[in-house]
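# Overview (structure and organization)
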Amino acid sequence: MPQRPLERICYVEDDEDIQRIVRMSLERVGKMTVHIVTDPTAALAAMETFKPDLVMLDWMMPVMDGPTLFREMKKRPELAGLPVVFITAKAAQRDLDELSRLGAAGTISKPFSPKDLPDQLRSIWSKLP
């Protein structure tokens, strides 16, 4: 279990409505700092600069989907250890199983409850080594 609280989240998501809901949920309810990146191709550099505790990736995005971005993170030593949580409405169980094998920390299904999201993330955070 990590020794420090979950405070800094990098969220990669192209949908502005969902960005707003997640930001409100995590900042107001969860008292976390959220850095939203709309372009997956810019996300790797943003993660290096922001240094989040945890990364949330949307599954379906144009240009590069969440699983592809996750695999790119794993190739970079400075990002490979970041815990990643996928937010998805569409992932098949075999895809989720593969991401777990690759080291994804967890998944949150859409639709999710904004008031429960901080606790869902903290629950995943508490199970990390």
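Every value quoted in this text rests on a predicted model; they were computed, and no experiment measured them.

The contact between helix α2 (residues 40–50) and helix α3 (residues 66–74) brings their axes to 10 Å, and the two run at 35°. Two packed elements cross with a definite hand, and for α2 against α3 that hand is right-handed. Between α2 and α3, the contacting residues are Pro40, Ala43, Leu44 and Met47 on the first element and Leu69, Glu72 and Met73 on the second. Of the residues that constitute the contact of α2 with α3, the class distribution is six nonpolar, no polar and one charged.

The next point concerns the environment of Arg8. Take Arg8: it is sitting in strand β1 (residues 8–12). Aside from chain neighbours lying at most four places away, what touches Arg8 is Thr33, Phe50, Lys51, Pro52, Asp53 and Leu54. At a separation of 2.4 Å, a polar atom in the side chain of Arg8 contacts the main-chain carbonyl oxygen of Phe50.

Turning our attention to the environment of Met47. Along the polypeptide, Met47 turns up in helix α2. On a C-alpha basis, the gap between Met47 and Gly106 in space is 18 Å, while along the polypeptide they are 59 residues apart. Ignoring anything within four residues of it in the chain, the contact list for Met47 reads Cys10, Val12, Pro52, Val55, Leu57, Leu69, Met73, Leu79 and Leu82.

Within the largest apolar cluster, 23 residues are counted, with the highest numbers of intra-cluster contacts made by Val12, Met47, Val55, Leu57, Leu69, Met73 and Phe86. Of all the secondary structure elements, the ones that give two or more residues to this core are β1, α2, β3 (54–58), α3, β4 (84–88) and α5 (93–102). Looking at this core, the element that brings in the most residues is α2, giving five residues. Once you skip the residues sitting within four places of it in the chain, Leu57 turns out to touch Val12, Met47, Gly66, Leu69, Phe70, Met73, Val84, Val85, Phe86 and Ile87. Ranked by size, the runner-up nonpolar core spans 20 residues in total, among them Ile18, Met32, Val34 and Leu117.

The next point concerns the sheet that holds β3. The strand order β2-β1-β3-β4-β5 describes an open sheet built from five strands, whose pairing is parallel. Looking along the sheet, the strands with just one partner apiece sit at the ends: β2 (33–37) and β5 (106–109). If you compare each strand with its neighbour and ignore which way they point, the axes differ by 20° on average. Across four bridges, the pairing between β3 and β4 is parallel. By the bridge assignment, Val55 is partnered in β4 with Val84. The strands that helix α1 (residues 16–29) touches are β1, β2 and β3; relative to β2, the one it contacts most, it runs at about 165°.

Cut-offs applied
Residues numbered from 1 in each chain as written. Predicted model: local features only at pLDDT ≥ 70, side-chain atom pairs only at ≥ 80, totals over all residues. Heavy atoms only, no water. Axes fitted to C-alpha atoms, helices over the stretch in contact; angles between N-to-C directions. Helix = DSSP H or I, 4+ residues; strand = E, 2+ residues; numbered from the N terminus. Left-handed = near helix turned anticlockwise from the far one by under 90°. Contact = heavy atoms within 4.5 Å. Nonpolar A, V, L, I, M, F, W, Y, C, P; charged D, E, K, R; others polar. Polar contact = N/O pair within 3.5 Å; in protein donor to acceptor, adjacent residues only side chain to side chain. Core = buried A, V, L, I, M, F, W, Y, C linked by side-chain atoms within 4.5 Å. Buried < 20%, exposed > 50% of the residue type's maximum accessible area, 1.4 Å probe, protein only. Pairing = 2+ DSSP bridges.

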